[in-house]
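Here's the letter readout for the chains.
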Amino acid sequence: MFKKKGLLVSAVLSASLILAACGDDTDEVDGNGDAGEEPDTTETDESDEDDTADEGTATEAEYQWDFVTEEMQGEVQYEYAAEFARRLEEKSDGAIEMTVYEYGGLGDGVDQAEQLMMGSTEFGIVSPGFTGTMVEEAQVFALHFLFPDDIELTQEILNTSEALNVHLREKYEEWDMTPLAYWTEGAMQWTGSSPLRTPEDFDGFQIRVQNSPLIINSYEAYDASPTPMDWGELYTGLDQGVVDGQENPIFFIYSAGFHEVQDHMTISNHNNYVAMTVVNTQFYNSLPEDIQALIDETVEEMREVGFALQDEQNQENLDLIEEEGGTEVYTLSEDERQAFRDLAMPIRDYFRENNGEDAGRILDLLEEEIEAAQ
Ligand code: 6CS
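- If you look the chain up in an unreviewed UniProt entry, it shows as TRAP dicarboxylate transporter, DctP subunit from Evansella cellulosilytica.
- According to UniProt, the comment filed for the chain under the heading Sequence similarities (unreviewed entry) is "Belongs to the bacterial solute-binding protein 7 family."

Right under this line is the structure:
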């Protein structure tokens, strides 16, 4: 049976935004921050006090942190964060307790990034597209055909790149967000209400994009009409023809139900969906070194967990889309991809010139690193 998850998500998001509007999420940045919203997993207590528990009451964790994600339970980001929390709680013998939030629990993607920046949440998974109007250089991830098609190699570059892990990290830290890891959620594919095989197919095509100026530029290069929208509204937007199509990794296309309201899916691999594990910078710097070490160790362990999660879900969900049969799946040939690549390449120079003082340095170095890795 088809899930109308997109509709459900819109309702959850609206309800949580009302809750958020009633709450106070301006807590101080400390080792015990709490966004003050209703958690949807483990229980937390508002008290920041240390743990001399009264007789007869359970001992409270010394650190109570929030971890916000942009996806729902069962999806890659949420499962990553839940496993991250479980490992950190175990390593700290219960001194750390984390509350993991699904998408919508603390607002939309842009709200979540802003809360991380302000320190009202400590940890989050952030898609660079939602910080596109803050960290200009982070829009490097919007560039089509930048990373290799080999997704394991792409992950290796994300793990080791100096351009990203040193220079881009510094740019994020100017906004009080420290990306601890960049990781792939899979190659991006297009879905549409009409076939998408040539750049001409994008002429006037209304494609939903995340709110990142360079993603918009990238689709304007194909003469499309890019429309920024949060994904909570996307199912309905596609269903009602507000937009004609969208881009995402396959696992998400299926789990958000977009295939239910799209007749065509194009395996284009035109970009890689990169997510970041982010911690508020001031909060992280305020922690004792042994606690920072536990976090760092968990980040390292989670690299292969995250990769395996997306790999499994992307493969399984492609099979499910094909089995359900309502969406025609078309794989672009290399020649067809080249036509898009030709139009996408000049956007790199646009990025160098328009996306912050370090855009050129970061892209040049990243291109060298990608070249060397191949
Ligand atoms: O398209 C989006 O906005 C959503 N896509 C994914 C793969 N994760 C969350 C994000 O918000």
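### Focus: the overall build of the chain
Right, on to step 1. Across its full length, the chain holds 13 helices and ten strands.
Right, on to step 2. By the burial criterion, 56% of the 374 residues in the chain qualify as buried.
Right, on to step 3. The contacts of the chain with a sequence gap of at least 6 include a subset with a gap of at least 24, amounting to 75%.
Right, on to step 4. On the chain, roughly 15,300 Å² of surface is accessible, and the fraction owed to carbon and sulfur atoms is 46%.

### Quick notes on the environment of A339
Right, on to step 1. Topologically, A339 is positioned in helix 11 (residues 334–344).
Right, on to step 2. On a C-alpha basis, the gap between A339 and T198 in space is 7.2 Å, while along the polypeptide they are 141 residues apart.

### Section: the site of the ligand
Right, on to step 1. Around the ligand, the neighbouring residues are E70, E71, Q77, F130, R208, Q210, W231, N248, P249, F252 and Y273.
Right, on to step 2. Within the side chain of N248, a nitrogen or oxygen atom sits 2.9 Å from a nitrogen atom of the ligand.
Right, on to step 3. Residue composition of the shell around the ligand, by class: five nonpolar, three polar and three charged.

### Section: the environment of F130
Right, on to step 1. As for its position among the elements, F130 is in the loop between strand 3 (123–126) and helix 4 (151–160).
Right, on to step 2. For the pair F130 and S212, spaced 82 residues apart in sequence, the C-alpha separation works out to 6.6 Å.
Right, on to step 3. Leaving out residues up to four positions away in the same chain, F130 has contacts with E70, G109, V110, A113, R208, Q210 and D230.

### Section: the packing of aromatic side chains
Right, on to step 1. In total, this model carries 24 aromatic pairs according to the counting rule given.
Right, on to step 2. Each ring, one from Y80 and one from W183, has its centre 4.4 Å from the other, and the planes form 15°; the classification is stacked. Taken together, the residues Y80 in helix 2 (residues 76–91) and W183 in strand 4 (residues 177–192) connect sequence positions 103 residues apart.
Right, on to step 3. For Y80, a relative accessible area of 1% gives the class buried.
Right, on to step 4. Considering the side-chain rings of F252 and F258, the 5.9 Å spacing of their centres and the 70° angle between planes classify their relative orientation as edge-to-face.
Right, on to step 5. F252 gets classed as buried once you look at its relative accessible area, which sits at 4%.
Right, on to step 6. We classify F258 as buried; its relative accessible area is 1%.
Right, on to step 7. Ring-pair connections join several aromatic residues into one group, and the members of that group are Y63, W65, F67, Y80, F84, F123, W183 and F283.
Right, on to step 8. Cation over ring: R197 sits above Y330, and NZ or CZ is 3.8 Å from the ring centre.

### Description of the packing of helix 4 against helix 5 (residues 162–173)
Right, on to step 1. Helix 5 packs onto helix 4 with a crossing angle of 40° between their chain directions and a minimal axis gap of 5 Å. Where helix 4 abuts helix 5, its residues L158, N159 and T160 lie against E162, L164 and N165.
Right, on to step 2. A class-by-class count of the residues in the contact of helix 4 with helix 5 yields two nonpolar, three polar and one charged.

### A few points about the side chain of Q155
Right, on to step 1. On the secondary structure map, Q155 appears in helix 4.
Right, on to step 2. A distance of 2.8 Å separates a polar atom in the side chain of Q155 from a polar atom in the side chain of N159.
Right, on to step 3. Residue contacts for Q155: discarding those within four places in its chain leaves Y182, W183, T184 and F307.

### Regarding the side chain of T154
Right, on to step 1. Mapped onto the elements of the fold, T154 is located in helix 4.
Right, on to step 2. Since its relative accessible area comes to 0%, T154 is described here as buried.

### A few points about the pairing of strand 4
Right, on to step 1. Counting buried positions along strand 4 gives 16 out of 16 residues, so the element sits mostly inside the fold.
Right, on to step 2. The sheet contact formed by strand 4 and strand 9 (residues 272–280) spans eight bridges and is antiparallel. Opposite T178, over in strand 9, you have V279 as the bridge partner.
Right, on to step 3. Two elements, strand 4 and strand 7 (residues 245–249), share five bridges in a ladder whose sense is antiparallel.

### Some remarks on the nonpolar core
Right, on to step 1. Ranked by size, the top nonpolar core spans 49 residues in total, and within it W65, F67, F84, M98, F123, F258 and I295 carry the most contacts.
Right, on to step 2. The element that contributes the greatest number of residues to this core is helix 10 (residues 289–324), accounting for eight residues.
Right, on to step 3. Counting 47 residues, the second-largest nonpolar core is a separate cluster that includes L143, L196, I215 and A344.

### Considering the pairing of strand 1 (residues 63–68)
Right, on to step 1. Of all six residues that make up strand 1, six are buried, and the element is covered over most of its length.
Right, on to step 2. Side chains Y63, W65 and F67 of strand 1 all project onto a buried face; the interleaved residues Q64, D66 and V68 project onto the opposite face, where all are buried too.
Right, on to step 3. Note that strand 1 and strand 2 (residues 96–101) share six bridges and pair parallel. Within strand 2, the position partnered with D66 by the bridge is T99.

Basis of the calculations
Residues numbered from 1 in each chain as written. Predicted model: local features only at pLDDT ≥ 70, side-chain atom pairs only at ≥ 80, totals over all residues. Heavy atoms only, no water. UniProt positions renumbered as here; feature names shortened; annotations may be inferred. Helix = DSSP H or I, 4+ residues; strand = E, 2+ residues; numbered from the N terminus. Buried < 20%, exposed > 50% of the residue type's maximum accessible area, 1.4 Å probe, protein only. Contact = heavy atoms within 4.5 Å. Areas by Shrake-Rupley, 256 points an atom, 1.4 Å probe, with all protein chains shown as cover. Near = heavy atom within 4 Å. Polar contact = N/O pair within 3.5 Å; in protein donor to acceptor, adjacent residues only side chain to side chain. Nonpolar A, V, L, I, M, F, W, Y, C, P; charged D, E, K, R; others polar. Phe/Tyr/Trp six-rings, centres within 6.5 Å; stacked < 30°, edge-to-face > 60°. Lys NZ or Arg CZ within 6 Å of the ring centre and 35° of its normal. Axes fitted to C-alpha atoms, helices over the stretch in contact; angles between N-to-C directions. Pairing = 2+ DSSP bridges. Core = buried A, V, L, I, M, F, W, Y, C linked by side-chain atoms within 4.5 Å.

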